Amino acid sequence: MNILVTGANGQLGNELRLLAAASTLPVCLQNGGSRFFFADVTEASEESLSTLRRLATSVVDTSTCHLDITDLEAVRAFVQKEKIDIIINCAAYTNVDAAEGDSERAELLNAKAPANLALVMKEVGGLLVHISTDYVFGGDPYNTPCREEQTGTPTGVYGLTKLHGEQAIQNIGCQYIILRTAWLYSEFGRNFLRTMLALTASKPSLSVVFDQTGTPTYARDLASAILAIIADYMNTVPSMSSKGSSEWPYGGIYHYSNEGVCSWYDFTKVIAQQSGHLSCDIQPCHSDEFPSPVKRPAYSVLDKTKIKQTFHLSIPYWTDSLYHCIANILRH
Ligand SMILES: NC(=O)c1ccc[n+]([C@@H]2O[C@H](COP(=O)([O-])OP(=O)(O)OC[C@H]3O[C@@H](n4cnc5c(N)ncnc54)[C@H](OP(=O)(O)O)[C@@H]3O)[C@@H](O)[C@H]2O)c1
């Protein structure tokens, strides 16, 4: 099958590039069983390219096809030309603060563009794997992990537009997997981990909010879960069509983060401990001490029971995954 990764030069897209080249790739995706296309609106940065080459265990595909997913005709032409069976959509408007003053662009990228992908996948009978966010929750004072069927209560434009994207995909009715994830970090691009590695190394003290609770997620683990789900799809679909059925039974919304729960303060403390940045004095503070254009969820922990039971996934604990990612960054 042919697999298109959109937004391939972001954090998750780059982790997919690495895993697509790794020997741990599920068997049905290896040895010509599938072909990956990596697409984005801009070329990969020099920094990402060198990180890819450094971390890759074998030859990694660093090429980028140009594809703007807000352009329906361009998506349709690409999918038809390359005979795409599966799209993994890693593209999004991810700047949570900036989205507050840029709601049209956020809606275009987070809602209209996924609708384009869903429409084209419906036309060709393919599968759309779309990534959404824990920020579709948070407007209600939850204190137990959020389940897939829970009504979205976003607190800002980013979460609202991502919720609109989910709804658009569901309304179009292609075969889809929507994976809500949280607090993504990786060796690539700008993220909380890389910011805190730099700050804890250079500052004598730091205040970090302790009144927002969620779960950090290593983008490598999410990428691995996506490939396992796709492998399940690829293994199931041929036997389904021989039985006269065309619909994969496992489509729907799923939650994926690493295991465990923490605040941004706890996350920072562990980053500092694991990286040996012990001279920085890290103190807890309240969210209202940091003026922000958007109110972030106080609690957006995701319940992962459904994805674990359906796809038999074993999910790493967040501090274990953090250790691996920090080791990859500091080995540089
Ligand atoms: N980051 C998090 O903490 C987090 C948490 C929960 C869920 N998520 C979700 O996880 C997914 C992956 O996030 P990420 O952190 O890997 O994102 P990211 O690093 O921001 O990467 C997104 C990529 O999409 C590209 N892009 C922007 N506009 C595009 C367009 N019109 N067509 C094609 N590509 C376009 C971006 O290019 P430019 O950089 O040039 O704009 C960027 O390379 C997203 O759906 C996000 O909403 C992220």
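Right, let's walk through the structure included here. (Residues numbered from 1 in each chain as written. Predicted model: local features only at pLDDT ≥ 70, side-chain atom pairs only at ≥ 80, totals over all residues.)

Packing of helix H3 (residues 72–82) against helix H5 (residues 103–124) leaves a shortest axis separation of 9 Å and a crossing angle of 35 degrees. Here H3 and H5 pass one another in a crossing that is right-handed. Contacts between H3 and H5 involve Leu-72, Val-75, Arg-76 and Val-79 from the former and Asn-116, Leu-117, Leu-119, Val-120 and Val-124 from the latter. For the contact of H3 with H5, the per-class residue count stands at seven nonpolar, one polar and one charged. (Axes fitted to C-alpha atoms, helices over the stretch in contact; angles between N-to-C directions. Helix = DSSP H or I, 4+ residues; strand = E, 2+ residues; numbered from the N terminus. Left-handed = near helix turned anticlockwise from the far one by under 90°. Contact = placed C-beta atoms within 7 Å. Nonpolar A, V, L, I, M, F, W, Y, C, P; charged D, E, K, R; others polar.)

All right, on to the pairing of strand E2 (residues 35–40) then. Bridge analysis of strand E1 (residues 2–6) against E2 gives five bridges, and the strand direction is parallel. Each bridged residue has a counterpart across the sheet, and for Thr-6 the counterpart in E2 is Ala-39. Judged from the two bridges that link them, E2 and strand E3 (residues 65–66) form a sheet pairing that is parallel. Opposite Asp-40, over in E3, you have His-66 as the bridge partner. Read from E2 through helix H2 (residues 46–55) to E3, the crossover connection turns out right-handed. (Pairing = 2+ DSSP bridges. Right-handed = clockwise from strand over helix to strand, strands pointing away.)

If you walk across this open sheet you meet the seven strands as E3-E2-E1-E4-E5-E6-E11, and the pairing is parallel. Each edge of the open sheet carries a strand with a single partner, namely E3 and strand E11 (252–255). Helix H6 (residues 157–172) rests against strand E5 (127–133), strand E6 (175–181) and E11 of the sheet, and its axis sits at about 160 degrees to E5.

Counting residues in hydrophobic clusters, the biggest one holds 88 residues, and the most contacted among them are Val-5, Leu-128, Val-129 and Ile-226. Ignoring anything within four residues of it in the chain, the contact list for Val-5 reads Gly-13, Leu-16, Phe-36, Phe-37, Phe-38, Ala-39, Ile-88 and Cys-90. (Core = buried A, V, L, I, M, F, W, Y, C linked by C-beta atoms within 7 Å. Buried ≥ 20, exposed ≤ 12 C-beta atoms within 10 Å, placed from the backbone.)

The subject of this paragraph is unusual backbone geometry. In this structure, Lys-83 is a non-glycine residue whose phi angle is positive, near 50 degrees. Residue placement: Lys-83 occurs in the loop between H3 and strand E4 (86–89). The phi dihedral of His-312 is positive, around 55 degrees, even though this residue is not glycine. For His-312, the location among the structural elements is in the loop between helix H10 (305–311) and helix H11 (318–330).

Further remarks concern the packing of helix H9 (residues 264–275) against H11. Put simply, H9 and H11 touch, their axes get as near as 10 Å, and they point 50 degrees apart. Relative to H11, H9 is oriented oblique. When you trace H9 past H11, the crossing you get is right-handed. Note on element contacts: H11 touches H9 through Thr-319, Leu-322, Tyr-323, Ile-326 and Leu-330, opposite Val-270, Ile-271, Gln-274 and Ser-275. Looking at side-chain class alone, the contact of H9 with H11 contains six nonpolar, three polar and no charged residues. (Parallel < 35°, antiparallel > 145°, perpendicular 65-115°, else oblique.)

It is worth spelling out the site of the ligand at this point. Lining the immediate surroundings of the ligand are 26 residues, of which Gly-7, Gly-10, Gln-11, Ala-91 and Ala-92 lie closest. Looking at the shell around the ligand, the elements that each hand over two or more residues are helix H1 (11–20), H5 and E5. Its residues placed into classes, the shell around the ligand shows twelve nonpolar, eleven polar and three charged. (Near = placed C-beta within 6 Å.)

This next bit is on H9. With twelve residues, H9 extends 16 Å from end C-alpha to end C-alpha; this agrees with the ideal 16 Å at 1.5 Å per step. Turning to H9, its buried residues number three or more, namely Trp-264, Phe-267, Thr-268, Ile-271 and Ala-272. Down the axis of H9, the buried set is contained in an arc of 130 degrees. They therefore lie on one face. Taken together, the buried residues of H9 touch helix H7 (192–202), strand E8 (205–209), strand E12 (262–263), strand E13 (281–285) and H11. One or two positions beyond H9, positive phi appears at Gly-276, with a value near 75 degrees. (Expected span 1.5 Å × (residues − 1). Arc of directions from axis to C-beta.)

Worth remembering: the numbers are spatial, not functional.
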